[in-house]
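# Architecture at a glance
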Amino acid sequence: MATTSKYVCVIGAGPAGLVATRELRKEGHRVVTAEQSHDVGGQWLYDPNVGGEDPLGRSRFLKVHSSVYASLRLATPRETLGLSDFPFVVKEGRDTRRFPGHRELLSYLKDFCEWFGLTEMIRFNTRVEYVGMSDSDKVGGDLKWVVRSRDLKSEKVAEEVFDAVVVATGQYSHPRLPSIEGMEQWKRRQMHSHIYRDPHPFHNEVVVVVGNSVSGRDISMELVNVAKEIHLSAKSLDISEGLSKVISKHHNLYLHPQIESLHGDGRVVFVDGSWAMADTIIYCTGYSYSFPFLDTKGIVTVDDDRVGPLYEHTFPPSLAPSLSFVGIPRKIISLPFFESQAIWIAQLLSGRKTLPSFHDMMQSIEEFYQSRNAAGIPKHHTHNIANFEYCDKYGENVGYPHLEEWRKELFLSGSVRARVNLETFRDSWDDYDLLQAALLSPHFTQSLQPPSQHYTL
């Protein structure tokens, strides 16, 4: 069938943006990818220089994008993360661990970018400051978009019109903060984990860590060898066996319920009446979606971390497919899902696929919201998927292969081990049969095609 080539702006050259760039060009579109950093990687481009950032990340445009700390290792095995035609293989001279450090994933993304020749489409040191409709009387596929960007080296501002915009700016950069009595008046150090990099600045301090998800646990375990005391504040004291083992092992690590109030003398008072005299509070409280550059005249909003309305977490019904989002869903095997999103977007823009009617998309969104409400899922968890079946069903829109059983089982086995042995699960594992099944599967035994065979241009 005859297809159409569009002029598309992708915002962000992290995992989601790189996959979108590849799929758009593969479908025959002309692509410009705007990246504010000096290199690809997005969240995985480690930045140790956090001194100029607001410690609580309250600026509209943040100076630091990456929230990666120096010691961070993947929490899922590398075998599960590879794109369908580009497995995440072990390479000699690099980090060969199954749960490698963050630099190894960055190297994988650089390899992907180089193999598929994506660098020529990326404008580095380019921050997008405004995206808006050039003619708001039009809808959906007939819209064009004005994109205004700033060259961060020359400070030159440029404006360009595109047929479509794909937002792929990531989801782990804009800190989500709690509301605590006395927080504004507390004079000692408060920071979000967004700017935490290593434990050394906290030598001999009393540190309160708020939140016991991945970063809260990792940072607490790092601090035990440096800080005087670590007080871990959790929403629930019903913690995993793995975290319980860590707390019982370290005499200077204490578990507390949520914080009730902060006081001018340095006291942090918890809801059970216990308290600590703290030097520093580190908020490991997650991240919010933020699109400070995007002006949709109120059509797309972020309400308590619900980005909407979005059909299938990707398309705003009245603006699609000329505006789309890659990388909104959480609690998924990220890269394969981003790939299926990118393929669908590319094929919609070319005319190879079509979306349901506006009415049908809005009805689907409303039914989804109602199902989440009925299940008691808070609004700020709208985009938490945690469902392999959903990912497979999503991929069916473009014939994307279902996640392999070994991929699902390896992902789950890693999670189970983390709940039981938090300190050792990355280096002590017993899923050899699954690993063997993965390495002998077509995904790992495929021959990589020369990039020229991937494109229709």
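Residues numbered from 1 in each chain as written. Predicted model: local features only at pLDDT ≥ 70, side-chain atom pairs only at ≥ 80, totals over all residues. Heavy atoms only, no water.

### What to know about the pairing of strand β11 (residues 229-233)
Selection criterion: When accessible area is computed with a 1.4 Å probe and restricted to protein chains, residues below 20% of their type maximum are described as buried, those above 50% as exposed, and intermediate ones as partly exposed. Strands are runs of DSSP state E lasting at least 2 residues, helices are runs of H or I lasting at least 4, and numbering of each runs from the N terminus. When DSSP finds two or more bridges between a pair of strands, those strands are recorded as paired. Here, the term right-handed applies to a crossover whose path from the first strand over the helix to the second runs clockwise when the strands point away from the viewer.
Counting buried positions over the 5 residues of β11 gives 4, a clear majority of the element. Alignment of strand β10 (residues 206-210) against β11, held across 5 bridges, turns out to be parallel. By the bridge assignment, Val210 is partnered in β11 with Ser233. Following the chain from β10 across helix α3 (residues 214-223) to the adjacent parallel β11, one finds a crossover that is right-handed. Of the pairings in the sheet, the one linking β11 to strand β12 (residues 253-256) comprises 4 bridges and is parallel in character. Following the sheet pairing, His231 is matched in β12 by Tyr254. Regarding the hand of the β-α-β motif, the stretch spanning β11, helix α4 (residues 241-249) and β12 is right-handed.

### Observations concerning the sheet that holds strand β1 (residues 7-11)
Formally: Contacts are assigned to residue pairs that have any heavy atoms within 4.5 Å of one another. Only C-alpha atoms enter the line fits that serve as axes; for helices the fit covers just the stretch in contact. Angles between N-to-C directions range over 0 to 180 degrees.
In spatial order, the strands read β3-β2-β1-β7-β21; together these 5 strands make up an open sheet with parallel pairing. The open sheet has two free edges, formed respectively by β3 (122-123) and β21 (323-325), since each of these has just one partner strand. Pairing analysis gives 3 bridges linking strand β7 (residues 164-167) to β21, with the strands arranged parallel. Each bridged residue has a counterpart across the sheet, and for Val167 the counterpart in β21 is Phe325. Of the strands in this sheet, β1, β7 and β21 are in contact with helix α5 (residues 334-350), which crosses β21 at around 170 degrees.

### Notes on helix α9 (residues 432-439)
Residues that lie three or four places apart on an α-helix share one face, since the helix turns once every 3.6 residues. Using the following cut-off: An arc is given here, and it is the one of the directions from the helix axis to the C-beta atoms.
Every buried residue of α9 is listed here: Leu434, Leu435 and Ala438. Across the axial projection of α9, the buried residues extend over an arc of 100 degrees, all falling on one side. Turned more than 90 degrees off the buried face of α9, the exposed positions are Tyr432 and Asp433. Buried positions along α9 lie against α8 (405-420) and α10 (442-445).

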